[in-house]
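# Coordinates in review
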Amino acid sequence: MSHKPIRKAVFPVAGLGTRFLPATKAIPKEMLPIIDRPLIQYAVDEAIEAGIEQMIFVTGRGKSAIEDHFDMAYELEHTMSSRGKDMTILDGTHLKPGNCAYVRQQVPMGLGHAIWCARDIVGDEPFAIFLPDEFMHGKTGCMKQMVSAYKEKGGNLLSVLEIPEDQVSSYGVIDPGARDGTLTEVKGLVEKPAQKDAPSNLIISGRYILQPDVMRTLENQEAGSGGEIQLTDAMAKMIGSQAFHAVTFDGDRYDCGSKAGYLEANFALALQRDDLADDVRKFIKKYI
Ligand code: UTP
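All values derive from a computational prediction rather than experimental measurement.

Below, the discussion takes up helix α6 (residues 142-153). With 12 residues, α6 ought to run about 16 Å at 1.5 Å a step, and its terminal C-alpha atoms sit 16 Å apart, in line with that. Those residues of α6 not exposed but buried are C142, M143, Q145, M146, V147, A149 and Y150. Remark: G154 follows α6 within two positions and exhibits a positive phi of approximately 65°.

In structure tokens:
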């Protein structure tokens, strides 16, 4: 059976980024660089690799740097080109007007509410969601792996990974059913459970493929954990009436919403780069 293709992606980037203050007072968290590319650029590259055509950013006040990043930078480009500089360094940073849309979440009422703000642009088709501070790095991108699974199973898909049990209370956790290779059936979902109530140690890791029905569920969704409108709660309500599967990502994940995860991502990527690996290896030795 063929399933409607995933053409659109929503990037909720309206959060306040309080864990990175004061760095994120005037700069969006999503613009923090992993070496020399901002987090949001990696997420957009991953979407393009997965065949997604339209990027929908849910922004808020103080997030205009994201719009500028994906726009033309006439002065910069003109000056660079007239000086014969290598322009490929800007690859991936131009999104054509038809390929991107921006919508504002006026009050950061939670991830579920941010997604709901994109409902008119998403329309009546399945769509992807990327949380750019979950940095997924693999030979094949996480979303591309998920789109392959979607082509087979349809319905709704989440990316998951195993974490130590004492950390589950910071995340959305799945209640796992039957397993088939990298695919696991999802029987239930709970947002930020106490460790003793967690149904597993498999957490949702920032990538989703959802059916548009989730928008109607979010419409009436009440505030959940942390007083925020939670996407996990809306998805949990759909289980039973719609297929839900989890995909275990074959690759590395860095939680760049946390300082340690962000630093780890920088070191891990630097060690994979020919222009940096030797220098980084040398100075790491000096410190440990
Ligand atoms: P986080 O839970 O990481 O929140 O949101 P945050 O505000 O970005 O960061 P901290 O916890 O204060 O440091 C997960 C994702 O959901 C988006 C965020 O931008 C991030 O991509 N989000 C969250 C919204 O777009 N709107 C919201 O109301 C909440």
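Here the focus is the packing of aromatic side chains. In the structure shown here, the tally under the stated rule is nine aromatic pairs. Every member of this aromatic cluster is reached through a ring pair, and the members are F11, F57, F70, Y102 and F130. Taking the ring centre of W116 as reference, the NZ or CZ of R119 above it sits at 3.7 Å.

To continue, consider the layout of surface pockets. By volume, the largest pocket is sized at about 1,000 Å³. Around the largest pocket, the lining comprises 34 residues; the ones closest to its centre are R19, K29, D133, K192 and E228. Counting residues per element, the ones that place at least two in the lining of the largest pocket are α4 (111-116), β11 (202-210) and α8 (231-238). It is β11 that contributes the most residues to the lining of the largest pocket, three residues altogether.

As a further point, take the nonpolar core. One recurring pattern in soluble globular proteins is that nonpolar side chains are buried together. Core analysis: the biggest nonpolar cluster contains 32 residues, and V214 and M235 have the highest contact counts within it. Sequence-distant contacts of M235, that is, excluding residues within four places in its chain, are made with L158, L189, I204, Y208, L210, V214 and F244. Core analysis: the next-biggest nonpolar cluster, separate from the first, contains 31 residues, V44, F70, C142 and V147 among them.

The next thing to look at is the site of the ligand. If you check the shell around the ligand, you find 18 residues, and the closest are T18, R19, K29, Q105 and G110. Take P12: an N or O atom from its main chain is 2.8 Å from an oxygen atom of the ligand. Here an oxygen atom of the ligand and a side-chain polar atom of T18 are 2.5 Å apart. Surface burial for the ligand is 84%, taken as the share of its 570 Å² of free accessible area covered by protein chains. In this structure, the ligand is accommodated by the largest pocket. Classifying every residue of the shell around the ligand gives nine nonpolar, five polar and four charged.

Put plainly, two cysteines are in a disulfide when a covalent bond ties their sulfur atoms together. Under the counting rule described, the total for this entry stands at zero disulfides. No disulfide involves C142; its nearest neighbouring cysteine sulfur is the one of C256, lying 14 Å away. Under the relative-accessibility criterion, C142 is labelled buried at 1%. On the basis of relative accessibility, which here comes to 0%, the residue C256 falls in the buried class.

Moving on: unusual backbone geometry. Peptide bonds are mostly trans, and most non-glycine residues show a negative phi. With an omega dihedral of 0°, the bond running from L21 to P22 counts as a cis peptide bond. Within the fold, P22 resides in the loop between β1 (8-12) and β2 (33-34). With a phi close to 60°, I35 is a non-glycine residue in the positive phi region. Among the structural elements, I35 can be located in the loop between β2 and β3 (37-38). For I35, a relative accessible area of 26% corresponds to the partly exposed category. Residue K192 is not a glycine yet carries a positive backbone phi of 45°.

Basis of the calculations
- Residues numbered from 1 in each chain as written.
- Predicted model: local features only at pLDDT ≥ 70, side-chain atom pairs only at ≥ 80, totals over all residues.
- Heavy atoms only, no water.
- Helix = DSSP H or I, 4+ residues; strand = E, 2+ residues; numbered from the N terminus.
- Expected span 1.5 Å × (residues − 1).
- Buried < 20%, exposed > 50% of the residue type's maximum accessible area, 1.4 Å probe, protein only.
- Phe/Tyr/Trp six-rings, centres within 6.5 Å; stacked < 30°, edge-to-face > 60°.
- Lys NZ or Arg CZ within 6 Å of the ring centre and 35° of its normal.
- 1 Å grid on protein atoms, 1.4 Å probe; cavity = no way out; pocket = protein on both sides within 12 Å on 5 of 7 lines; lining within 4 Å.
- Points joined across faces, edges and corners; volume = space filled by probe spheres on them.
- Core = buried A, V, L, I, M, F, W, Y, C linked by side-chain atoms within 4.5 Å.
- Contact = heavy atoms within 4.5 Å.
- Near = heavy atom within 4 Å.
- Polar contact = N/O pair within 3.5 Å; in protein donor to acceptor, adjacent residues only side chain to side chain.
- Areas by Shrake-Rupley, 256 points an atom, 1.4 Å probe, with all protein chains shown as cover.
- Sits in = over half its atoms within 2 Å of the grid points.
- Nonpolar A, V, L, I, M, F, W, Y, C, P; charged D, E, K, R; others polar.
- Disulfide = S-S within 2.5 Å.

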